[in-house]
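# Architecture and fold: a report
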Amino acid sequence: MAPTAPTQRPTMRHSSAFLLPSTAPSSPAPGPDDAAVALVVLNQPLPRFAPLLWSRAAVRVCADGGANRVFDGMPALLPGQDPDEVRASYKPDVIKGDMDSVRPEVKEHYSNLGTRIVDESHDQDTTDLHKCIAFIAENYSATNKSNLSILVLGALGGRFDHEMGNINVLHLFPSINIVLLSDDCLIFLLSKMHTHEIHVEKSIEGPHCGLIPIGMPSTSTTTTGLRWNLDNTSMSFGGLISTSNIVEEDKVTVTSDSDLMWTTSLRK
Ligand SMILES: Nc1ncnc2c1ncn2[C@@H]1O[C@H](COP(=O)(O)OP(=O)(O)OP(=O)(O)O)[C@@H](O)[C@H]1O
Ligand SMILES: Cc1ncc(C[n+]2csc(CCO)c2C)c(N)n1
C-alpha cells in the first residue's frame, strides 16, 4: 500500500500592518489588496491608536458603553482639536448592545447624527461584543468576509469575566479574522485547519509572544521563528503552554492539531 501523504494545510497569512502609522517608510497605509477593516469599540479606555484605526475602518460599531468611550475619549486623544468637531467627525455607524451602559445624552448625540441604534436588551444570553460581531457578520456577504478583519478595541486588561467572554467570541466566529486589542497586546486565533505565517511588525509589536491552547490540549504543535520553538510538541493547561516566548524572526510559522491563541506585546 502507498504511504499516506502528510496532511497539507493551506497557509494563512497574518499581519498587523493596520497598526503602522501612515508615514512608516516600510509600509504604506492599507491599499486595495489589504483586508477591509471593521472596528468594534468596547467599554474600556480607548487605546492610543484608536484614531488611526478609526480612519482605516470601513465600518465602526460601538458595543453599548463603547459609545461613551468614543464620545469622551476621542477628544482626549486629539487634544489639539476642538472637542465638538472631533465628536462630529468620529461618529459610529452603529451602537449595539443591551443599552444598559451608553449614557442617554451620548445615545441622543449620535442618533441625531444618523448613527443606527440597535437595542437588544431582550437578549441577556449573549454579550454586547457577541452582538456586535454577529451584526457585522450578518451585514457582510460570505465572499467579503474572507477579506475582512474585525479589530476590537479595549478587549483586554479589564474585568476577567469580560476578557474571557471576549476570547470566547474568537471561538464563536472561527471563520472570521477577529483581532482583540488593548494598549499592551493583541490576540487572534490560529485555526488548526491552516498553517499560519505571522508577519511580525517589529517596529510596533513584540518581542514577547505566546501560543496558548485555550479550548483543548494540542498533541502536536510545530513553530519556526521563535526563541523557544515547538517541534511536534504537546501543549495543555496543567502541562506546557508557551508564554513569555520571544519573536526572533520577521516571520513566525505555526502548525498545530488544535486551534491556538496567538498573542504579541505591543510596543509603547
Ligand atoms: N472591564 C472590561 N474588560 C474587558 N471588556 C470589557 C470590560 N467592560 C466592558 N467590556 C466589553 O465591552 C462590552 C460592552 O460593555 P458594557 O459595559 O457596555 O456592557 P456590560 O453590560 O458590562 O457588558 P455585557 O452586556 O456584554 O455583559 C462588553 O460586551 C465587553 O465585551
Ligand atoms: C449561564 C449564564 N451565565 C451568565 C449569563 C448572564 N449573561 C451572559 S451574557 C449577558 C448579557 C449582557 O449584556 C448576561 C446578562 C447568562 N445569561 N447565562
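Residues numbered from 1 in each chain as written. Chains lettered and ligands numbered in written order. Predicted model: local features only at pLDDT ≥ 70, side-chain atom pairs only at ≥ 80, totals over all residues. Heavy atoms only, no water.

### Topic: the site of ligand 1
Put simply, the test is: Residues are labelled near a given molecule or strand when at least one of their non-hydrogen atoms is within 4 Å of it. Any N or O atom pair separated by 3.5 Å or less is treated as a polar contact, with the protein-specific requirement of one donor-capable and one acceptor-capable atom, and with residues adjacent in sequence counted only for side-chain atom pairs. Per-residue and other accessible areas were derived by the Shrake-Rupley procedure at a 1.4 Å probe size, with only the shown protein chains allowed to occlude residues. Each helix is a run of DSSP H or I of at least 4 residues and each strand a run of E of at least 2, with the numbering of both proceeding from the N terminus.
Around ligand 1, 18 residues are found, and the nearest of them are Asn43, Gly65, Asp128, Arg159 and Asn166. Gln44 has a polar side-chain atom sitting 3.5 Å from a nitrogen atom of ligand 1. With respect to ligand 1, the side chain of Asp100 contributes an N or O atom lying 3.4 Å from an oxygen atom. Burial of ligand 1 by the surrounding chains reaches 84%, relative to a free accessible area of 580 Å². Elements with a minimum of two residues in the shell around ligand 1: α5 (128-139) and α7 (160-172).

### Quick notes on the nonpolar core
Using the following cut-off: In plain words, nonpolar cores are sets of buried Ala, Val, Leu, Ile, Met, Phe, Trp, Tyr and Cys residues tied together by side-chain atoms within 4.5 Å. The cut-offs for exposure are 20% and 50% of the maximum accessible area for each residue type, with area from a 1.4 Å probe on protein chains only; residues under the lower value are buried, those over the upper are exposed, and the others partly exposed. Domain borders in the structure are assigned automatically or taken from a domain database. Any pair of residues with heavy atoms lying within 4.5 Å of one another is described as a contacting pair.
Core analysis: the largest hydrophobic core is formed by 47 residues, its most contacted members being Leu19, Leu53, Leu181 and Trp262. Top contributing element to this core by residue count: helix α2 (residues 66-77), with four residues. In this structure, this core is formed jointly by two domains, domain 1 (34-183) and domain 2 (184-268), each of which donates at least three residues. The contact partners of Leu53, leaving out residues within four places of it in the chain, are Phe18, Leu19, Leu39, Leu151, Leu153 and Leu181. Core analysis: the next-biggest nonpolar cluster, separate from the first, contains 33 residues, Ile150, Ile176, Leu180 and Ile212 among them.

### Remarks on the sheet that holds strand β11 (residues 218-224)
Filter applied, for reference: DSSP bridges decide pairing: two strands pair if at least two such bridges lie between them. Between the N-to-C directions of two axes lies an angle of 0 to 180 degrees, each axis being a line fitted to C-alpha atoms and, for a helix, fitted only over the stretch in contact.
Ordered in space as β1-β9-β14-β11-β12, the five strands form an open sheet in which the pairing is mixed. A strand with exactly one partner marks an edge of an open sheet, and here the two such strands are β1 (11-15) and β12 (233-235). Averaged over neighbouring strand pairs, the angle between their axes works out to 30° when direction is ignored. The pairing of β1 with strand β9 (residues 195-199) spans five bridges and is parallel.

### Some thoughts on the pairing of strand β10 (residues 205-212)
Counting buried positions over the eight residues of β10 gives six, a clear majority of the element. Judged from the three bridges that link them, β10 and strand β13 (residues 242-246) form a sheet pairing that is antiparallel. Each residue of the ladder has a partner; that of His208, found in β13, is Ile246.

### Notes on the confidence of the model for the chain
Spelled out, the test is: Per-residue confidence from the predictor is reported as pLDDT, which spans 0 to 100.
Confidence in the prediction for the chain averages 93 pLDDT; 92% of positions are at 70 or higher. Overall fold confidence (pTM) sits at 0.94, and the ipTM for the predicted complex is 0.93.

### A word on the packing of aromatic side chains
Selection rule: Stacked, tilted and edge-to-face pairs are distinguished by plane angle, under 30 degrees for stacked and over 60 for edge-to-face with tilted covering the rest, among Phe, Tyr and Trp rings (Trp via its six-membered ring) whose centres lie within 6.5 Å.
Summed over the entire model, instances satisfying the criterion amount to two aromatic pairs. Each ring, one from Trp54 and one from Tyr90, has its centre 5.7 Å from the other, and the planes form 55°; the classification is tilted. Of this pair, Trp54 sits in helix α1 (residues 50-56) while Tyr90 is found in the loop between α3 (83-89) and β4 (94-97), placing the two residues 36 residues apart along the sequence. Taken as a pair, Trp54 and Tyr90 share a single burial class, namely buried.

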